[in-house]
Amino acid sequence: MSEHDSVHLPERDRPWMMRTYAGHSTAKASNELYRRNLQKGQTGLSVAFDLPTQTGYDPDDELARGEVGKVGVPVSHRGDMAALMDGIPLGEMNTSMTINATAAWLLALYIVAAEDQNPPTRQEQLQGTTQNDIIKEFLARGTYAFPPAASMRLIADMIAYTVEHVPKWNPINICSYHLQEAGATPVQEIAYAMSNAIAVLDAARERVPAERLEKVFGRISFFVNAGVRFVEEHAKLRAMSILWEELGRERYGVTDERHLRFRYGVQVNSLGLTEAQPENNVQRIVLEALAVTLGRDARARAIQLPAWNEALGLPRPWDQQWSLRIQQVLAYETDILEYPDIFEGSKVMEGLVDELLDGARAEMAVVAEHGGAVEAVPYMKGALVDSHRRRIRRIETGEHVVVGQNRFTESEISPLTADAEGGILVVDPALEAEQANAVRAWRSQRDQAAVDEALAQLAEIARDADASENLMVPTIAAARAGATTGEWSRTLREVFGSYRAPTGVGEAAAAPSDPDLNELRDEVSRLQQGLGRRPKILVGKPGLDGHSNGAEQIAVRARDAGMDVVYEGIRLTPAQIAASALQEGVHVIGLSILSGSHRELIPAVIDALRESGVTAPVVVGGIIPEQDVAGLKSAGVAAVYTPKDFDINRIMRDIVALVGADAQLTPIAVGGSSANGSA
Amino acid sequence: MSDAGAALGARLRERDLSAAPATLNLLESTAEADREQAAALLGEVSPAALGGEAPGHVIGITGPPGAGKSTLLSALLRAWRDGGRTVAMLAVDPSSRRSGGSLLGDRARIDFDPADRGVLIRSTAAGERLGGLAWATRAAAHALAAAFDIVVIETVGVGQAETEVADVADTVAVVVQPGSGDVLQFLKSGIMETPDVLVVTKADLGQIAMRTRRDLSAALRSLGSSRTRVLAVSSLPPAGGIEELVEVLDEHRAGIDIAERRLRTRRASALTDFVVEHGEHGLRALGGRSAAQSLLAAEDPGLEVPGLVAALERRIG
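Note that this is a predicted model, so its numbers are computed, not measured. (Residues numbered from 1 in each chain as written. Chains lettered and ligands numbered in written order. Predicted model: local features only at pLDDT ≥ 70, side-chain atom pairs only at ≥ 80, totals over all residues.)

Asker: Please clarify how the overall build of chain A should be interpreted in this entry.
Answerer: What chain A contains, in helices and strands, is 26 helices and 15 strands. Relative to its length of 679 residues, chain A is compact, with a C-alpha radius of gyration of 25 Å against a globular reference of 26 Å. When its C-alpha atoms are laid out on the principal axes, chain A stretches across 80 × 70 × 55 Å. Put simply, chain A has 679 residues, and 56% of those count as buried. Of the contacts formed within chain A by residues at least 6 apart in sequence, a portion of 79% connects residues at least 24 apart. (Helix = DSSP H or I, 4+ residues; strand = E, 2+ residues; numbered from the N terminus. Rg over C-alpha atoms; globule rule 2.2 N^0.38 Å. Buried ≥ 20, exposed ≤ 12 C-beta atoms within 10 Å, placed from the backbone. Contact = placed C-beta atoms within 7 Å.)

Asker: How do you make sense of the overall build of chain B when you look at a structure like this?
Answerer: Looking only at helices and strands, chain B has 13 helices and eight strands in total. Taking 2.2 N^0.38 as the reference for a compact globule, 317 residues should give roughly 20 Å; the C-alpha atoms of chain B span a radius of gyration of 20 Å, in line with that estimate. Its C-alpha atoms give chain B principal-axis dimensions of about 65 × 45 × 40 Å. Burial status across chain B gives 50% buried among its 317 residues. The contacts in chain B between residues at least 6 apart in sequence include a share of 75% that link residues at least 24 apart.

Asker: Sorry, what's going on with the domain arrangement of chain A here?
Answerer: Residue and element names in this part refer to chain A. Domain boundaries assigned for chain A yield domain 1 (14-408) and domain 2 (515-665). Spacing between the C-alpha centres of domain 1 and domain 2 amounts to 32 Å. Residue assignment for the side of domain 1 that touches domain 2 shows that the elements contributing at least two residues are α3 (51-55) and α16 (377-397). Among the elements that line the side of domain 1 that touches domain 2, the one with the most residues is α16, at six residues. Residue classes in the side of domain 1 that touches domain 2 are distributed as 12 nonpolar, 10 polar and eight charged. (Domains from an automatic or database assignment. Nonpolar A, V, L, I, M, F, W, Y, C, P; charged D, E, K, R; others polar.)

Asker: For this particular structure, what's the right way to read the packing of helix α2 (residues 20-28) of chain B against helix α6 (residues 135-144) of chain B?
Answerer: When two helices pack together, their arrangement is given by the angle between the helix axes and by the axis-to-axis distance. All names here are of chain B. Remark: α2 packs on α6, axes separated minimally by 9 Å, with the N-to-C direction vectors making an angle of 150°. The pairing of α2 with α6 is recorded here as roughly antiparallel in orientation. The element α2 and its partner α6 pack so that their crossing is right-handed. For the pair α2 and α6, the contacting residues are Ala20, Thr23, Leu24, Leu27 and Glu28 in the first and Ala136, Ala139, Ala140, Ala143 and Leu144 in the second. Its residues assigned to classes, the contact of α2 with α6 comprises eight nonpolar, one polar and one charged. (Axes fitted to C-alpha atoms, helices over the stretch in contact; angles between N-to-C directions. Parallel < 35°, antiparallel > 145°, perpendicular 65-115°, else oblique. Left-handed = near helix turned anticlockwise from the far one by under 90°.)

Asker: Where do I start with the confidence of the model for chain A in this structure?
Answerer: As a note on interpretation, predicted positions should not be read in detail where pLDDT is low. Residues of chain A with pLDDT of at least 70 account for 97%, and the chain-wide mean is 93. The low-confidence segment residues 665-679 of chain A (pLDDT under 50) makes 60 contacts with residues lying over four places distant or belonging to another chain. (pLDDT = per-residue confidence, 0-100.)

Asker: What am I meant to see in the sheet that holds strand β5 (residues 127-130) of chain A here?
Answerer: Hydrogen bonds between backbone atoms are what pair the strands of a sheet, whose relative direction is either parallel or antiparallel. Residue and element names in this part refer to chain A. Here we have five strands laid out as an open sheet, ordered β2-β3-β4-β5-β6, and parallel in their pairing. At either margin of the open sheet sits one strand with a lone partner, and together these are β2 (21-22) and β6 (169-170). Note that strand β4 (residues 94-98) and β5 share four bridges and pair parallel. Bridging across to β5, Met97 finds its partner in Thr130. (Pairing = 2+ DSSP bridges.)

Asker: Help me understand the environment of Asp113(B), please; the structure alone is not making it clear to me.
Answerer: Its location among the elements puts Asp113(B) in the loop between β3 (102-104) and β4 (119-125). Asp113(B) sits 67 residues away from Ser46(B) along the chain, and the two C-alpha atoms are 31 Å apart.

Asker: Which parts of the structure should I look at to understand the domain arrangement of chain B?
Answerer: When the parts of a complex come together, some accessible area is lost, and that lost area is often used as the size of the interface. Residues and elements named next belong to chain B. According to the domain assignment, chain B consists of domain 1 (1-51), domain 2 (57-256) and domain 3 (257-317). Listed per partner, the contact involves eight residues of domain 2 and nine residues of domain 3. A per-class count over the side of domain 2 that touches domain 3 returns four nonpolar, no polar and four charged.

Asker: Could you clarify how one ought to interpret the sheet that holds β4(B) in this entry?
Answerer: Residues and elements named next belong to chain B. The parallel open sheet is built from seven strands, whose spatial order is β4-β2-β5-β1-β6-β7-β8. In this open sheet, the two edge strands, each paired with only one partner strand, are β4 and β8 (229-232). Across the sheet, the mean angle from the axis of one strand to that of its neighbour is 20°, orientation sign disregarded. Across seven bridges, the pairing between strand β1 (residues 57-63) and strand β5 (residues 150-156) is parallel. For His57, the partnering residue across the bridge sits in β5 and is Ile150.

Asker: For this particular structure, what's the right way to read the interface of chain A and chain B?
Answerer: Contacts between the two partners involve 40 residues from chain A, matched on the other side by 32 residues from chain B. Contributions of two or more residues to the side of chain A that touches chain B are made by α22 (549-560), β12 (564-567) and α23 (574-584) of chain A. Here the element with the most residues in the side of chain A that touches chain B is α23(A); it accounts for seven residues. Per-class residue counts for the side of chain A that touches chain B are 16 nonpolar, 17 polar and seven charged.

Asker: Help me out: how do you make sense of the pairing of strand β11 (residues 536-540) of chain A in this one?
Answerer: In regular strands, side chains alternate between the two faces of the sheet. Residue and element names in this part refer to chain A. The buried count for β11 comes to five of five residues, which makes it a mostly enclosed element. Along β11, one buried face is formed by Lys536, Leu538 and Gly540 and the opposite face, lined by Ile537 and Val539, is buried too. With respect to chirality, the unit in which β11 leads through α22 into the neighbouring parallel β12 is right-handed. (Right-handed = clockwise from strand over helix to strand, strands pointing away.)

Asker: Can you walk me through the environment of Val586(A) in this structure?
Answerer: Its location among the elements puts Val586(A) in the loop between α23 and β13 (588-593). Distance in space between the C-alpha atoms of Val586(A) and Ala193(A) is 38 Å, their sequence separation being 393 residues.

Asker: Is there a simple way to think about the pairing of strand β2 (residues 87-93) of chain B in this case?
Answerer: Residues and elements named next belong to chain B. Counting buried positions over the seven residues of β2 gives seven, a clear majority of the element. By the alternation rule, side chains of β2 split into Val87, Met89, Ala91 and Asp93 and Ala88, Leu90 and Val92, which are all buried. As judged from the seven bridges shared by β2 and β4, these two strands associate in the parallel manner. When the bridges of β4 are listed, Leu90 appears paired with Arg122. In this structure, β2 lies alongside β5, joined through six bridges in parallel fashion. In the strand pairing of β5, Val92 is matched with Thr155.

Asker: Sorry, what's going on with unusual backbone geometry here?
Answerer: Excluding glycine, residues mostly have negative phi values, and the peptide bonds linking residues are mostly trans. Residue and element names in this part refer to chain A. Of note, the bond from Asn118 into Pro119 is cis; its omega dihedral lies within 30 degrees of zero at 0°. For Pro119, the location among the structural elements is in the loop between α5 (103-116) and β5. A positive phi angle, near 65°, is found at Ser25, a position not held by glycine. With respect to the helices, strands and loops of the structure, Ser25 is situated in the loop between β2 and α2 (27-39).

In structure tokens, the structure reads:
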């Protein structure tokens, strides 16, 4: 009728699915948290698993030390999964699981837990998503377990299985989220995610009947990121939906409009959240949420928002509630769901989208020239490390403004962090031993013969060079028999072999000279003269934490400053770090941990170093709560750096001074090293 | 303190492997006082002090990037350790041959038990000296050969790399990936000297690996280099050819005159070091290159490199 009415949708849109990425301590504690979150109006679940579960280790494994129940919930067997989902009817739930290397296993446990519920839920009814994008694990997140070819087979098998038997399940969520966290520009984020999707679809094409491919395409969803430059970020999502549709039509012959739709869930940016003045993160999160909700044509299907205190430590339930309420205010109080796409016809938006499309197509062509995403992992990793280096440099120079961190830094004391724990969740350290005992008890009470037989069957099918049978079948059988996460993974590791992803640091270009860096190089050069040889630093990542961006940037900058850098990538045991430090004769050791396991792992590494006779100073970087710093120092750590220490050249200067002081304390007896073994 | 170098040398002579990290720190140092200590250390492990050449087998392993060297080295390391032999690996990164710092990360690609004291892996930047393995690498290989059963010098590249390694190692193995033509072309064109052993990796690729092996053998025949052994190995489980490679390396070592080969190396290195230190001017003062070589040939064959350099320096006062 009136012109005014015509701009409204005939009916207000239904809100997106609202989730909170949650899980910690134990299955039981996490179940209680989920039930409360659902009562608060959350409409789906998003399960955070702990790092041992994500990488395929049981709580009693040596590599699990310090990590059990930290960044998520430990799930070792069908009993844990049943406890995690207790009282939540799985036929009605939509569950997203952030699980990759062990996705097939956790989906199997979920299927078995659903069967066991009263009333039982058949797998055909299950709805949800397993993250399952292994290429981005090699590139950015680090929770891989098997080599690339075997990993791709597992993914393809899950796709082939779910498309037949769990038809409402999204077997994979192609992730651009973690690429942005690792420093990707919007163009890189689009190009690498699309290239990953191509690699997955090409692998799946070989495992499903041709007539099923259209359906497979339709079940692929994305998990994206949104940063605070929210106009450009929205354009990025529009560009991705155009590329996705194009890919479906041209490469895979998809014609059904429903299957061509670009579907994505989102967790907005954590990289840009600051430790300094952490309350500012709230407005960042709100603006980032706008990037994925404002325009109807590229709106998220599911949203989870980080908490304001993620750069400080693990968020508490209240912190997460605050983020859920942001979503609810956006969906229920504002008018964004009342209109058709508000950017339609916008020249600026179209221009932005075109720019991103051009850049992304060019970068996708480079990846294709490398032989596709799997082959291009070293190239993409190097490019990401390089982008991240540039980003950090812009923050250091002030070109890129971060309010409260490199500008407007005058602040009152925040009442938000005033409590004894500093405004974060602290997981009870006694819990790890309890979980280790619990999994031992589980193993002792089950039908061992049935488990052995199921695992033998799994190994046999995995070993078959023609890969003629689907790995999901023996995986579900092993889950039903009562095998554990560690056993399933070990069985496959024995067949597939182990793997270390490229670190990307070797490929990173040298930093362009600038006065500050030149001055630093002079300092390093003076130190070299005093030491007799080039200062040598070991950058180590102990434990299962795969967040390697910080360690990589320290390694690259130390090299650019003129040091010799030993960086071996993620997932090292204290014994490995000690052996490297001793054998390499390093002058200083830098350790990085972001997963909260520093209280256990850092002292363990220092003990191993000192036992090996290495006396070189140790510095630590990562998400280290203020109240833990004193404990680390008394364990022998010389300095602790947290996200608020964004000026890496300053950290390098500290290290130069530290090595100089250490060399004078221990007179240059043998080769000027303090890591000189038993000399 | 003043006899720290000699003490380390003595420990190596007693095959005390725990002396190795400090030995390497000392040999890498360019500080004046350390250089004296290093000379003392090397004197303690010289053939004169040992009563013969150091018993360890120095093996150079080189090849283009991506040829599968790390996987091969992991498999070799396992085989040597299973046989009860101690192993030191010196990984030289030639890409770092510039004045800045370098990133050394390849040790992580070699699987070993960190608690195993019979293994040592050390990564080194190639150093600032143009066109050569780090001085320290040569000295280190010879010092460690007094204590370890096997000393591997691993480096990346084809063409120049294996020539440099040949100056230091008793046995040189070049690693070739199936289907890659570089090594074949370099061999045929004479850019590359023929190594003692050619290892074709990824034999599990089947046909293509076998063809590469045949092509290499044919090229060697046409060059008249029948003594070079060509092997195909598969380092991934199920591994194949590794035991045979271990035997071939041992056979090569047994078949050469070690004393002659190492003496030649020591004299050549001494001359290079002398020229680096004193330039062409110093060389002229000795009466030219061939006069210098004659002078070196007249010295005690049991002297280590610093001893030989010192002898030349005495000549020019």
